[in-house]
Amino acid sequence: FLNYLKLSETTVFKEMVDENNIYNDKIPEYPEVDDYYRINRVIYFENTISMNNLNNKLNEYLKENGSTYQMNVISIFVGEDVTEDFFYALRAKWIGGKKNDIVTIVQMGNNGSVGWTKVMSRADTEVFNKSLEMDLQKEKVLSDDKYLSILDENLKTRYKRLDFEKEYSFLESDFNPS
């Protein structure tokens, strides 16, 4: 697999870096596999609320559905004082995520209430991202099971992964070897 976005010197995600964004130096690293196969898909950033067993439930869900939908889910929960600028810094640092990623960012209040939400994926239309954002944001308080239920419903009804080669292969001509 050739990652055309990393190959290109002019990829739109590299151009999206806002030098004034306060989160640029605080963005967590992309999750890595540890212990041969385990991965922590749930990241907390300045957040005091824990989604109990969401990581284990996501891993189980992806065992059954990951290959069906050709996707990988990463869930980030940020504290109530974190602004949407976090999403833009994350998107720039992670170069829009990997081709199969669905990254959800949910702002959680100290009482467990949902604030803003953002979704970053390479779905074939923006409808999936916006629908998932709105469905997550509608919840007064989000639980592990409710999160998975909303994700599952949106995957079944609105998700189709973008054909990466078809959409981004033109960037190959932008590559200049060192």
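Counting of residues starts from 1 at the beginning of each chain's written sequence and follows it residue by residue. In view of the model being predicted, local features appear only for residues whose pLDDT reaches at least 70, and side-chain atom pairs are presented and counted only at 80 or more, with totals across whole chains, interfaces and linings using the full set of residues. Hydrogens and water molecules were not included; the side-chain quantities draw on all heavy atoms of the structure.

### Points about unusual backbone geometry
Now for step 1: Even without being glycine, glutamate 46 reaches a positive phi, approximately 50°.
Now for step 2: Considering the arrangement of structural elements, one finds glutamate 46 in the loop between strand E1 (42-45) and helix H3 (54-69).
Now for step 3: The backbone phi angle of glutamine 70 is positive, close to 55°, even though this residue is not glycine. Helix and strand definitions here come from DSSP, where helices need a minimum of 4 consecutive H or I residues and strands a minimum of 2 consecutive E residues; each element is numbered from the N-terminal end.

### Some thoughts on the environment of lysine 118
Now for step 1: With respect to the element layout, lysine 118 can be found in strand E4 (residues 114-121).
Now for step 2: Relative accessibility thresholds used throughout: buried, under 20% of the residue-type maximum; exposed, over 50%; partly exposed, between the two (1.4 Å probe, protein chains only). A residue is classified by how much of its surface remains accessible, and lysine 118, at 12% relative accessible area, is buried.
Now for step 3: In this structure, the C-alpha to C-alpha distance between lysine 118 and glutamine 137, residues 19 residues apart in sequence, is 9.2 Å.
Now for step 4: Every residue pair with non-hydrogen atoms within 4.5 Å of one another is taken to be in contact. In contact with lysine 118, not counting residues within four places along its chain, are Glu84, Phe87, Tyr88, Val103, Thr104, Ile105, Lys130 and Glu133.
Now for step 5: Here tyrosine 88 takes part through its side chain, which lies 3.4 Å from a polar atom of the side chain of lysine 118. Here a polar contact is taken to be a pair of N or O atoms separated by no more than 3.5 Å, where protein atoms must pair a possible hydrogen donor with a possible acceptor and residues adjacent in sequence count only if both atoms sit in side chains.

Purely geometric numbers; function is a separate question.
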